[in-house]
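Chains, contacts and geometry: an overview
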Amino acid sequence: MIGIFIALLSGALMSLQGVFNTEVTKQSSIWVSASWVQFSALVTCLLVWAVFDRSSFAALMRVSPKYMMLGGLFGAFITYTVIQSMSTLGPARATMLIVIAQLTVSWLVELMGMFGLEKGAFSVRKLAGLLVAAAGVIIFEWES
């Protein structure tokens, strides 16, 4: 149950962050805004680490394979693409498409067993769920 709550909170925070970042971008520039997002995230993470964790950063040198450490690089471009999509499509439309893309890519990664994950079995039910979600986007956008 806690996992469901955390996932819902994550989605809500991502949507709010996208709206906030888009407004900061309007008043500065996209890369200034994205830099601020990443910098403020770093400061927050370091403060939380200092209070609650204190494990060694040397553990990062043992991460294998090394390409798994590209999350921050992805984060920079996630920030950029969320800001751009929200400013051009609006928060609701952008978020729907972002979530559909996340679901599709996550399922494909799982199906193919990429990046060290155990290969998952194809499921017609999961495909139907993905198609229903895509249909939901179409219904949400339908102009009468």
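Residues numbered from 1 in each chain as written. Predicted model: local features only at pLDDT ≥ 70, side-chain atom pairs only at ≥ 80, totals over all residues. Heavy atoms only, no water.

**Points about the confidence of the model for the protein chain**
- Residues with a pLDDT of 70 or more make up 99% of the protein chain, whose mean pLDDT is 93.
- Looking over the protein chain, one finds the lowest element-wise mean pLDDT in helix 5 (residues 124-141), namely 92, and the highest in helix 2 (residues 30-53), namely 96. (pLDDT = per-residue confidence, 0-100. Helix = DSSP H or I, 4+ residues; strand = E, 2+ residues; numbered from the N terminus.)

**Structural notes on helix 3 (residues 71-89)**
- With 19 residues, helix 3 extends 26 Å between its outermost C-alpha atoms, agreeing within 8% with the 27 Å of an ideal straight helix rising 1.5 Å per residue.
- Listing the buried residues of helix 3 in full gives Gly75, Thr79, Val82, Ile83, Ser85 and Met86.
- The first or second residue beyond helix 3 is glycine 90, which carries a positive phi of 95 degrees. (Expected span 1.5 Å × (residues − 1). Buried < 20%, exposed > 50% of the residue type's maximum accessible area, 1.4 Å probe, protein only.)

**A closer look at the pattern of salt bridges**
- Across all of its chains, the model carries 3 salt bridges by this definition.
- Between lysine 26 and glutamate 23 there is a salt bridge whose closest N-O contact spans 3.8 Å. Residue lysine 26 and its partner glutamate 23 are both found in helix 1 (residues 2-27); the two are separated by 3 residues, about one turn of the helix.
- Note that glutamate 110 is salt-bridged to lysine 126, the shortest N-O span being 3.2 Å. Of the two residues, glutamate 110 is situated in helix 4 (residues 91-112) and lysine 126 in helix 5; the sequence distance between them amounts to 16 residues. (Salt bridge = Lys/Arg side-chain N within 4 Å of Asp/Glu carboxyl O.)

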